[in-house]
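Residues per chain are reported as follows:
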Amino acid sequence: AAAIPILAAALAAQQAYYVGPHVAVAQTQQSLSRAYRRMGQLERAEALAREALATVEASVPDPHVRRSSAMDTLRHVLIDTRQFDEAKTLGLRLITMNKSTLGDEHPGLATSENTLGFTYLMASDYDNAAEHFRAALSISERIPDNQRRSAIYRSNLGISIGRSGDTATGMQ
């Protein structure tokens, strides 16, 4: 709660300083969005996340890691507000962008796959959830010293399979 007035003042100062869209403004908008999200003020968090994404899209080329970050901030708010269709669309865009900017064996790509799997899980689409958890696990297992994340992704895969009722398939 204490961070909100500080971030709001920083955002106002940045908006006064920079002429036009700037990634520094977007970064502060994202931080403020996350602060509001933690406080449960999801409507304000969503508005700031959308502003941050628009600012980034006007500031950097596509694809770019800053775009991924802004999209991820919005996606988390959309998941919290149960706007799963838009969150899934953003998740698919994020995976495409992360493959392009980070490569096929990056922990960030595995995290994006896992979060998309979680989004499908929350929407009770267990088959698609399992597909993305499998993708996250596959990436994670190719990255050295990544056993903790692999265990999380394996657990999520097990949950999605269990909820689907397809216990015969197992975790193959």
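Above this text is the structure in question.
Attention in this report is confined to the structure presented alongside it. Worth saying up front: this structure is predicted, and the values here are computed from it rather than measured. (Residues numbered from 1 in each chain as written. Predicted model: local features only at pLDDT ≥ 70, side-chain atom pairs only at ≥ 80, totals over all residues. Heavy atoms only, no water.)

Here's the deal with the packing of aromatic side chains
Taken as a whole and judged by the stated rule, the model has one aromatic pair. Relative to tyrosine 18, the ring of tyrosine 17 lies with its centre 5.0 Å away and its plane at 85°, an arrangement referred to as edge-to-face. Residue classification places tyrosine 18 among the partly exposed positions, given a relative accessible area of 25%. (Phe/Tyr/Trp six-rings, centres within 6.5 Å; stacked < 30°, edge-to-face > 60°. Buried < 20%, exposed > 50% of the residue type's maximum accessible area, 1.4 Å probe, protein only.)

Thoughts on the nonpolar core
Generally speaking, nonpolar side chains in soluble globular proteins are found buried as a group. If you look at the biggest cluster of nonpolar residues, it comprises 16 residues, and the most contacted ones within it are Ala129, Phe133, Ile139, Tyr153 and Leu157. Per element, the largest residue contribution to this core is six residues, and it comes from helix α7 (residues 126-141). One finds Ala49, Leu53, Val60 and Leu74 within the second-largest nonpolar core, a separate group that totals 15 residues. (Core = buried A, V, L, I, M, F, W, Y, C linked by side-chain atoms within 4.5 Å. Helix = DSSP H or I, 4+ residues; strand = E, 2+ residues; numbered from the N terminus.)

A look at unusual backbone geometry
A cis amide bond links aspartate 62 to the next residue, proline 63, at an omega of 0°. The backbone of serine 124 shows a phi angle near 65°, a positive value even though the residue is not glycine. Tracing the sequence through the fold places serine 124 in the loop between α6 (107-122) and α7. Serine 124 sits in the partly exposed class, given a relative accessible area of 47%. Positive phi outside glycine occurs at aspartate 145, with the angle close to 55°. Assignment of secondary structure puts aspartate 145 in the loop between α7 and α8 (147-164).

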